[in-house]
Amino acid sequence: GPASRRWRAWLWARRAPLAGIAGLLAILLVLLYYLRPSLLLLPTFTAGGDTPCHYPTAAWFHEHLLPRFRLHGWYPGAYVGHPLLLYYFPLAFLVMSALAPLVGLPAAFKLGTVGGIFLLPLLTYVSFRLMRFRAPGPLMGAGAALVFLFLEDNPIWGGTIASTMTGEFSYTYGTALAVLFLGVAYNTYSRGGSAWWPALLLGLTALAHGYAVLWAGLSAAFFLYGARQPRRTLRWLMAVAFLSFAAVAFWLLPLLAAWGWTTPYDDPWITIAPL
């Protein structure tokens, strides 16, 4: 009847977003099956790689620093103590603290460590939609993000499940937010919008991980390629960079001011054995 034809027409007109929702649900189910929510919600501690070392950080941050509206401070453990979250990234620990009243800190810590894994396919899909890729482009991007998550090569670089489980969970948040930033920046610039929204998202990426914000910001320089007004594009990108720095200056300035106390990262990448 007419109602049935209208229903079929409605479904056909919305086939792309409905297929996207179905695909994202399938990806979510794969991740839930692999990560076992029943184990994540147990009040136990994660063991593997550097992950257990981050739990005292989460506990001290949640119980002592955040109640005083601080993102970094002095941790009295480990001999005479050390500055906590002055040289590391606070976003994942903010997520853990937000979840702690609901499920307890041990389970919140585990949920906070895997949060970036679930975000990466979702934010990739959103980013591709913002960049106006036609279906099934956004869903294929989310599927590619899922494949990337299961890569086991080079786990030290972060972003994958293997690296997340060994303590690189901050990088996974940064990777997801960086991908979203590129979509938001493209969409905003193409519409002639303000630099504020991309800048705030880039600042949020900085609170997740430093390497992620570097490659996200540098990748945005692609907008200069083929730009009809390169000077205007360059001014817009510089505004994004300046505003994002200003948005998180409360955390970046103490980090940079105390940079002289850090251990230099000068590991040799190539070792040539003598003949």
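Quick notes on the rules
Residue positions are given per chain, counted from 1 along the sequence in the order it is written. Under the rules for a predicted model, residues below a pLDDT of 70 receive no local features and side-chain atom pairs below 80 are neither given nor counted, while totals for whole chains, interfaces and linings still include all residues. To obtain the side-chain values, all non-hydrogen atoms of the structure were used and water was disregarded. Strands are runs of DSSP state E lasting at least 2 residues, helices are runs of H or I lasting at least 4, and numbering of each runs from the N terminus. Whether two residues touch is decided by their heavy atoms; if any such pair falls within 4.5 Å, the residues are in contact. Note that accessible areas follow from Shrake-Rupley with a 1.4 Å probe, and for residues the cover is restricted to the protein chains shown. Positive charges come from Lys and Arg alone, negative charges from Asp and Glu alone, with His and the N- and C-terminal ends not counted. The atom standing in for a charge is NZ when the residue is Lys, CZ when it is Arg, CG when it is Asp and CD when it is Glu. Residues belong to a common nonpolar core when they are buried Ala, Val, Leu, Ile, Met, Phe, Trp, Tyr or Cys residues joined through side-chain atoms within 4.5 Å. Each residue's exposure class comes from its accessible area (1.4 Å probe, protein chains only) as a fraction of the maximum for that residue type: buried when under 20%, exposed when over 50%, partly exposed otherwise. The definition of a polar contact used here is a pair of N or O atoms within 3.5 Å, where within protein one atom must be able to donate a hydrogen and the other to accept one, and adjacent residues in sequence count solely through side-chain atom pairs. Inter-axis angles, ranging from 0 to 180 degrees, are taken between N-to-C directions of lines fitted to C-alpha atoms, where helices are fitted over the stretch in contact. Roughly parallel refers to an angle under 35 degrees, roughly antiparallel to one over 145, roughly perpendicular to one between 65 and 115, and oblique to any angle outside these ranges. Crossings are sorted by hand: turned counterclockwise from the far helix by less than a right angle, the near helix makes the crossing left-handed, and turned clockwise it makes it right-handed. Amino acids are sorted into nonpolar (Ala, Val, Leu, Ile, Met, Phe, Trp, Tyr, Cys and Pro), charged (Asp, Glu, Lys and Arg) and polar (every other residue, Gly among them). As a per-residue quantity, pLDDT reports the predictor's confidence and falls between 0 and 100.

(A) Up close: the overall build of the chain. Scanning the chain for helices and strands turns up 13 helices and two strands. Seen through its principal axes, the chain has C-alpha atoms that stretch 75 × 55 × 55 Å. Here the contacts in the chain between residues at least 6 apart in sequence split such that 69% fall between residues at least 24 apart. Surface exposure of the chain reaches about 16,400 Å², of which carbon and sulfur atoms provide 70%. Averaging the positions of the 17 positive and the 7 negative side-chain charges in the chain gives two centres separated by 33 Å.

(B) Focus on unusual backbone geometry. In this structure, the amide linkage connecting A135 to the following residue, P136, adopts the cis form with an omega of 5°. Within the fold, P136 resides in the loop between α6 (105–130) and α7 (137–149). Residue R36 is not a glycine yet carries a positive backbone phi of 55°. Mapped onto the elements of the fold, R36 is located in the loop between α2 (15–35) and α3 (37–40). Residues other than glycine seldom take positive phi values, yet F69 does so here, at roughly 55°. Relative to the helices and strands, F69 is located in the loop between α4 (51–65) and β1 (73–75).

(C) Spotlight on the nonpolar core. Formed by 66 residues in total, the largest nonpolar core has its most connected members in L31, F93, M96, I117, F181, W236 and V240. When residues in this core are grouped by element, the largest group, 13 residues, is from helix α9 (residues 169–190).

(D) Focus on the side chain of T205. Its location among the elements puts T205 in helix α10 (residues 196–208). With a relative accessible area of 0%, T205 lands in the buried category. At a separation of 2.9 Å, a polar atom in the side chain of T205 contacts the main-chain carbonyl oxygen of L201. Apart from residues lying up to four places away in sequence, T205 is in contact with G174, L177, A178, A212 and V213.

(E) Structural view of the packing of α6 against α9. Relative orientation of the contacting elements α6 and α9 amounts to 15°, with a least axis distance of 8 Å. If you check the angle between α6 and α9, you find them roughly parallel. At the point where α6 passes α9, the crossing takes the left-handed sense. When the residues that make up the contact of α6 with α9 are grouped by side-chain class, the tally is 16 nonpolar, ten polar and no charged.

(F) Region of the structure containing the environment of L39. Turning to its location among the elements, L39 is positioned in helix α3. Along the backbone, L39 and K110 are 71 residues apart, and their C-alpha atoms lie at a distance of 9.3 Å.

(G) Inspection of the confidence of the model for the chain at higher detail. On average, the chain scores 87 in pLDDT, and the residues at 70 or more come to 91%. Helix α5 (residues 91–103) holds the highest mean pLDDT among the elements of the chain, 96, whereas helix α1 (residues 2–13) holds the lowest, 58.

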